[in-house]
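# Examining the three-dimensional arrangement
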Amino acid sequence: GSEMCIRDRFKRIKSEVENPHDELQDELLVSYISLLLKYCQRFYNRQFITRKLSSNDILSRFDMFLKGYFADGLQASNGLPTVSACAEHLCMSVNYFSDLIKKMTGESPGRMIRQCVIRQIKNELASGLSVAEVAYKLGFDYPAHLSRMFKKETGMTPTDYIQSRVKKSVM
């Protein structure tokens, strides 16, 4: 049904282009092209709805990739994980991967990666490492970069976080 409708729209566009030019022709062409683009958007968005089961698998593979990235120490040679590295690992384009994750979770993959990094930072700080040691262990170029990201994501500095953990354990 939809394929026939699209084919019909293409035929109408072709006939409009082949007809002698008049003042409404441009307006008609723009309307037909706009309609075709809306159909394309509809098909693109519909795939996220129809693929929910496989999407859950993609989410778990994304999570496993992030956990494995740090477990294997890839951050030491490759730096922090990127959206493009995750998409490539899952054999997807960056844009498709980003759209898929955003539709499934409401979060961007970049934000999900940062949240994973924050969990890693918290675990390392809780183990007694200094901010500088954690920064170099997790692939940050400088401790200040870690501190800036941590503060932006959590609202506190790594030092504040360490002190809040000490206060909790004392109580």
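That block above? That's the structure.
Below, the structure is looked at part by part. This is a predicted model, so every value here is computed, not measured.

### Section: the overall build of the chain
Broken down by element type, the chain carries ten helices and zero strands. Secondary structure elements of the chain occur, N-terminal to C-terminal, as α-α-α-α-α-α-α-α-α-α. Counting every position in the chain, which comprises 171 residues, the buried fraction comes to 30%. Considering only residue pairs separated by 6 or more positions, the chain has 52% of its internal contacts joining residues 24 or more positions apart. Counting only carbon and sulfur atoms, one obtains 55% of the accessible surface of the chain, whose full area is about 11,200 Å².

### Brief notes about the nonpolar core
Judged by nonpolar contacts, the single largest core of 31 residues is most densely connected at Phe62, Phe97, Ile121 and Phe140. Elements with a minimum of two residues in this core: α3 (52–71), α5 (83–89), α6 (94–105), α7 (109–126), α8 (131–137) and α9 (143–154). Counting residues per element, this core draws most heavily on α7, which supplies seven residues. Residue contacts for Phe62: discarding those within four places in its chain leaves Cys86, Leu90, Phe97, Ile101, Pro109, Met112 and Ile113.

### What about unusual backbone geometry?
The phi dihedral of Cys91 is positive, around 60°, even though this residue is not glycine. Of note, Cys91 is situated in the loop between α5 and α6.

### Comments concerning the packing of aromatic side chains
Applying the stated criterion across every chain yields a total of four aromatic pairs. Judged by centre distance (5.7 Å) and plane angle (65°), the rings of Phe150 and Tyr161 are edge-to-face. Of the two residues, Phe150 is situated in helix α9 and Tyr161 in helix α10 (residues 158–170); the sequence distance between them amounts to eleven residues. A single burial state applies to Phe150 and to Tyr161, both of which are buried. An aromatic cluster of at least three residues, connected via ring pairs, comprises Phe65, Tyr69 and Phe70.

### Describing α7
Given a rise of 1.5 Å per residue, 18 residues ought to cover 26 Å, and the 26 Å separating the end C-alpha atoms of α7 matches this to within 8%. Taken together, the buried positions of α7 are Pro109, Gly110, Met112, Ile113, Cys116, Val117, Ile118, Gln120, Ile121, Glu124 and Leu125. A positive backbone phi angle near 105° is found at Gly128, which sits one or two residues after α7.

### What about the pattern of salt bridges?
What the rule picks out here adds up to six salt bridges. Among the salt bridges present, the one from Arg61 reaches Asp57, with a minimum N-O distance of 3.8 Å. With Arg61 and Asp57 both in helix α3 and four residues apart, this pair spans about one turn of that helix. Note that Arg114 and Glu153 form a salt bridge whose closest N and O atoms lie 3.0 Å from each other. With Arg114 in helix α7 and Glu153 in helix α9, this residue pair connects regions lying 39 residues apart in the sequence.

### Topic: a negative patch on the surface
On the surface, Asp22, Glu23, Asp26 and Glu27 cluster together into a negatively charged patch. Mapping Asp26 onto the fold places it in helix α2 (residues 25–50).

Parameters and conventions
- Residues numbered from 1 in each chain as written.
- Predicted model: local features only at pLDDT ≥ 70, side-chain atom pairs only at ≥ 80, totals over all residues.
- Heavy atoms only, no water.
- Helix = DSSP H or I, 4+ residues; strand = E, 2+ residues; numbered from the N terminus.
- Buried < 20%, exposed > 50% of the residue type's maximum accessible area, 1.4 Å probe, protein only.
- Contact = heavy atoms within 4.5 Å.
- Areas by Shrake-Rupley, 256 points an atom, 1.4 Å probe, with all protein chains shown as cover.
- Core = buried A, V, L, I, M, F, W, Y, C linked by side-chain atoms within 4.5 Å.
- Phe/Tyr/Trp six-rings, centres within 6.5 Å; stacked < 30°, edge-to-face > 60°.
- Expected span 1.5 Å × (residues − 1).
- Salt bridge = Lys/Arg side-chain N within 4 Å of Asp/Glu carboxyl O.
- Patch = residues over 30% accessible without salt bridge, like charges linked within 9 Å, V, L, I, M, F, W, Y side chains within 5 Å.
- Lys, Arg positive; Asp, Glu negative; His and termini not counted.
- Charge placed at Lys NZ, Arg CZ, Asp CG, Glu CD.

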